[in-house]
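Structural features, examined
Chain by chain, the residues run as shown.
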Amino acid sequence: MKAGLLFRLASFWVGAHWSPYNRRLCVNLVPCVTVWVMLPGGNAP
């Protein structure tokens with residue numbers, strides 16, 4: 001399992017998103033700041 005923090009102006013949303021294809025959970029508590037967690041076999045953003 002890997003995790004990271006990403007700052008991107010295109011990520012101007014608040015909430016959570018699970019991608020079964022990428023095996024990744026992205027959470028934005030603040031617009032443009034994403035905390036992501038990737039399961040084994042997933043794709044990093």
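Structure first, text after, so check above.
Residues numbered from 1 in each chain as written. Predicted model: local features only at pLDDT ≥ 70, side-chain atom pairs only at ≥ 80, totals over all residues. Heavy atoms only, no water.

Considerations on the overall build of the protein chain
Spelled out, the test is: Helix and strand assignments follow DSSP, with helices taken as H or I runs no shorter than four residues and strands as E runs no shorter than two, numbered in order from the N terminus. The buried label applies to any residue whose accessible area, calculated with a 1.4 Å probe on protein chains only, is under 20% of its type's maximum; exposed applies above 50%, and partly exposed to all values in between. Contact between two residues is taken to exist if any of their heavy atoms lie within 4.5 Å; hydrogens are not considered. Surface exposure here means Shrake-Rupley accessible area, sampled with a 1.4 Å probe, where a residue is shielded only by the protein chains that are shown.
Scanning the protein chain from terminus to terminus reveals 0 helices and 4 strands. The helix and strand sequence of the protein chain, counted from the amino end, reads β-β-β-β. Over its C-alpha atoms, taken along the principal directions, the protein chain stretches across nearly 25 × 15 × 15 Å. Across the 45 residues in the protein chain, those meeting the buried criterion constitute 24%. Of all intrachain contacts in the protein chain linking residues separated by at least 6 positions in sequence, the fraction that spans at least 24 positions is 29%. If you sum the accessible surface of the protein chain, you get close to 3,300 Å²; carbon and sulfur atoms cover 69% of it.

Describing the sheet that holds strand β1 (residues 2-7)
Short version of the rule: Two strands make a pair as long as DSSP finds a minimum of two bridges between them. To obtain each axis, a line is fitted to C-alpha atoms, and for helices this fit is confined to the stretch in contact; angles are then taken between N-to-C directions over 0 to 180 degrees.
Pairing is antiparallel in the open sheet, where 4 strands are placed in the order β1-β4-β3-β2. Each edge of the open sheet is held by one strand with a lone partner, namely β1 and β2 (15-19). Shown here is a sheet whose adjacent strand axes are inclined to one another by a mean of 15°, direction ignored. As defined by bridge partners, β1 adjoins strand β4 (residues 33-38) across 6 bridges and the pair is classed as antiparallel. Among the inter-strand pairings, Gly 4 is bridged to a residue of β4, identified as Trp 36.

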